[in-house]
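Chain by chain, the residues run as shown.
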Amino acid sequence: MDPLGDIYRTHTCGALRRDHVGQEVVLLGWVHRVRDMGAVIFLDIRDRYGVTQVVTEAEPLLTQAKKLKTEMVVAVLGTVAHRSEETANTKLDTGDVEVRIGQLKVLNDARRPPFSIADESFVAEDTRLRYRYLDLRRQRMQKNLQLRHRLTMAIRRYFDDHDFLEVETPILTKSTPEGARDYLVPSRVHAGEFFALPQSPQIFKQILMIGGLDRYFQIVRCFRDEDLRADRQPEFTQVDVEISFASQALVFSLIEPLIVEIFRVAGLAITTPFRQMPYREALARYGSDKPDLRCGMDIQDLGAIFAETPFGPVRDALAAGGVLRGLVVPGGATISRAEVDKIVAEAIEMGAGGLLWARQTDKGLATSAKAMGEQTLTRALEVSGAGADGLLLMTAGPEAAVSRLLGQLRLSLARRFDLLDQARFEFLWVVDFPLLDWDEQARRYVAMHHPFTAPVDADLARLTEAPAEITAKAYDLVLNGSEIGGGSIRIHDPEVQRQLFRLLGISDEEARLRFGFFIDALEYGTPPHGGIALGLDRIAALLAGEPSIRDVIAFPKTAAAVDLMAGAPSTVDARQLKELHLKPLA
């Protein structure tokens, strides 16, 4: 290997153009490709910025270059030359030029990689994560992380322009579990006591409002010990925001232009204001509180049309207080009967007691439920908007179960029939959430969002008498079926906060133990305030066109919460455990 010495890079591997022809340059990077033509060798040299072709045909450089392998680290000193029209590479920004090598230094050798860096061929994710330092060299990951960087810089500029202060909140804090499990950190100097890694900076950002900072934001790491999916990680990044004297309308008016700016940075134009939809309407129309609006196919209540039906299963479901709801598959009138049977089977696998269907054909009405009556079914096709080319799917049962099932089926069919336009971005504010949700297993109420969310003013007097009917000042921002942000107006009255803790089964004594410092803070003149947290990982993944947030995070964990590259989590030696007052497992 050769020393770098006092050599300095004059240009990156993505910088050279025709204007540089004749200049002496120094390129530093990795050998991307080697093309040995016998009497001449072409090398592609790569760095973060791009790829440049370099060439030599003179000894002793030719012999030296023939020994190079991909991923070696090299220094190339040479002269920029123009490439002929026939040899120019239009796929490269530097494709009009090449560098004639004058001096070549090998700065480091490289083992043969377990997968190709030069192309984007499929590599199993476990292999990519095991060799993440190699995966990071590939164009896909470099492009994604550069996009993420541009997004974070745009976010910081936006908030700075709107008088927000970026304030760091503690990473080692008090465990106040409510929902997901905390990651705990044992204290060495306080035997038997633990810190927790924050699930969010929620309490601290509210205290910043009590402290008079008025407008806060932070691009912050958060930690949750929960089961993982493609859009979840044990450690993740959120854009955390809190505003004093905030209303829901004020939060929306600040966040929507931020989203416009984020998308502008990614080269995309979106329009505001975003649609708003109450939580209960979202469930009724789409079977989800984070609906994907790109495909239409609204769920419709058809119970009134079949109120007098003689068909037993539907009649009995309606008589028991249930509903009959359906959705229309556009163009479904022409799909094969075998495909319709697959849809019915899929619905049953999802938990449906059955799935009824009807459509118009050249031979008249076709249906799986003739007992419901041709005239009534024809009316249902008209009311639902199925027309001559749609397939109407219906099921009956309890309202929540029917909506949930049709919501799942709706998305599955939208994907199957390619009804989701990947170039379309449909934003939605879901508002008017219930304040509380009933946990049947725990036999108690739990917070739909978190226990610091304020009820709407009109429901304050009903906190104790009708908790299940209380509406929260909470809102989620949804994009194409993914929740990318969630927030609320907070409780700023200490007595209301105590009442809510009691509704959640948290006694005054337990509340004092877990949240005493926060309740005390509320007593010292707390302004009305509210905010939101946006999922930076999810936003970056959507903008990069990636199905998993792991592909926009430099060092993610697997679905089993394992770091394959570093080998974490791992055991530690007995001495460390002893210092932390912990005993090793038997």
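For the structure itself, look to the data block above.
Scope of this entry: the structure provided in the associated data block. As the structure is a computational prediction, the values presented were derived from the model and not from experiment.

### Details of the sheet that holds strand β20 (residues 474-479)
The mixed open sheet is built from eight strands, whose spatial order is β6-β9-β10-β22-β21-β20-β17-β11. Where the open sheet ends on each side, the last strands, each with one partner, are β6 (165-166) and β11 (275-278). Of the pairings in the sheet, the one linking β11 to strand β17 (residues 427-431) comprises four bridges and is parallel in character. Across the sheet, Gln276 pairs through a bridge with Trp429, a residue of β17. Strand contacts of helix α4 (residues 139-161): β6, β9 (215-223) and β10 (235-244), with the helix running at about 150 degrees to β9, the strand carrying the most contacts. Docked against the sheet, helix α14 (residues 536-544) engages β9, β10, β20, β21 (482-489) and β22 (529-535), running at close to 45 degrees with respect to β22.

### With respect to the environment of Leu405
By the element assignment, Leu405 lies in helix α11 (residues 399-416). C-alpha separation for the pair Leu405 and Gly192, spaced 213 residues apart in sequence, amounts to 47 Å. When residues no more than four places from it in sequence are discounted, the contact partners of Leu405 are Ala347, Met350, Gly351, Ala352 and Thr395.

### With respect to a negative patch on the surface
Together, Asp160, Asp161, Asp163 and Asp214 make up a region of like negative charge exposed at the surface. Following the sequence through the fold, Asp160 ends up in helix α4.

### Some words on α4
For α4, which comprises 23 residues, the first-to-last C-alpha distance of 33 Å matches the rise-based estimate of 33 Å (1.5 Å per residue) to within 8%. When α4 is considered as a whole, its buried residues turn out to be Met141, Asn144, Leu147, Arg148, Leu151, Thr152, Ala154, Ile155, Tyr158 and Phe159. Where the residues of α4 are buried, they touch α2 (125-130), α3 (132-135), β9, β10, α6 (248-265) and α14. Count one or two residues on from α4 and you reach Asp163, which has phi positive near 65 degrees.

### Remarks on unusual backbone geometry
Here the amide bond leading from Glu59 into Pro60 is cis, since omega sits at 0 degrees, within 30 degrees of zero. Take Pro60: it is sitting in the loop between β3 (50-56) and α1 (61-66). Between Thr272 and Pro273 the backbone carries a cis peptide bond, its omega angle lying at 0 degrees. Within the secondary structure layout, Pro273 lies in the loop between α6 and β11. In this structure, Phe245 is a non-glycine residue whose phi angle is positive, near 55 degrees.

### Structural notes on the pattern of salt bridges
Overall, the coordinates contain 47 salt bridges when judged by the stated rule. Salt-bridge contacts for Glu71 lead to Arg46; the nearest nitrogen and oxygen are separated by 2.9 Å. Residue Glu71 is found in the loop between α1 and β4 (73-82), and its partner Arg46 is found in strand β2 (residues 41-47); the two are separated by 25 residues along the sequence. Among the residues examined, Glu71 registers a relative accessible area of 4% and is labelled buried. With relative accessibility at 6%, the residue Arg46 sits in the buried group.

### Thoughts on the packing of aromatic side chains
Following the criterion strictly, the structure yields 17 aromatic pairs and no others. Seen from their ring centres, Trp429 and Tyr475 are 6.2 Å apart, and the 85 degrees between their planes marks the pair as edge-to-face. Here Trp429 is found in strand β17, whereas its partner Tyr475 is found in strand β20, with 46 residues between them in sequence. For the residue pair Trp429 and Tyr475, the accessibility class agrees, reading buried in each case. Three or more aromatic residues joined by ring pairs form one cluster here, namely Tyr158, Phe159, Phe164 and Phe217. A cation over a ring is seen here: Arg130 above Tyr131, with NZ or CZ 4.6 Å from the ring centre.

### Quick word on the sheet that holds strand β16 (residues 391-397)
Pairing within the open sheet is antiparallel, and its five strands lie in the order β12-β13-β16-β14-β15. The sheet is open, and its two borders are formed by β12 (300-301) and β15 (364-367), each paired with just one other strand. Pairing of strand β14 (residues 356-361) with β15, which is carried by four bridges, proceeds in the antiparallel orientation. By the bridge assignment, Gln360 is partnered in β15 with Leu365. Where helix α9 (residues 337-349) meets the sheet, it contacts β14 and β16, and its direction lies at approximately 160 degrees from that of β14. Contacts between α11 and the sheet are confined to β13 (323-329) and β16, with β13 contributing the most and set at about 10 degrees to the helix.

Scoring rules and cut-offs
Residues numbered from 1 in each chain as written. Predicted model: local features only at pLDDT ≥ 70, side-chain atom pairs only at ≥ 80, totals over all residues. Heavy atoms only, no water. Pairing = 2+ DSSP bridges. Helix = DSSP H or I, 4+ residues; strand = E, 2+ residues; numbered from the N terminus. Contact = heavy atoms within 4.5 Å. Axes fitted to C-alpha atoms, helices over the stretch in contact; angles between N-to-C directions. Patch = residues over 30% accessible without salt bridge, like charges linked within 9 Å, V, L, I, M, F, W, Y side chains within 5 Å. Areas by Shrake-Rupley, 256 points an atom, 1.4 Å probe, with all protein chains shown as cover. Salt bridge = Lys/Arg side-chain N within 4 Å of Asp/Glu carboxyl O. Lys, Arg positive; Asp, Glu negative; His and termini not counted. Charge placed at Lys NZ, Arg CZ, Asp CG, Glu CD. Expected span 1.5 Å × (residues − 1). Buried < 20%, exposed > 50% of the residue type's maximum accessible area, 1.4 Å probe, protein only. Phe/Tyr/Trp six-rings, centres within 6.5 Å; stacked < 30°, edge-to-face > 60°. Lys NZ or Arg CZ within 6 Å of the ring centre and 35° of its normal.

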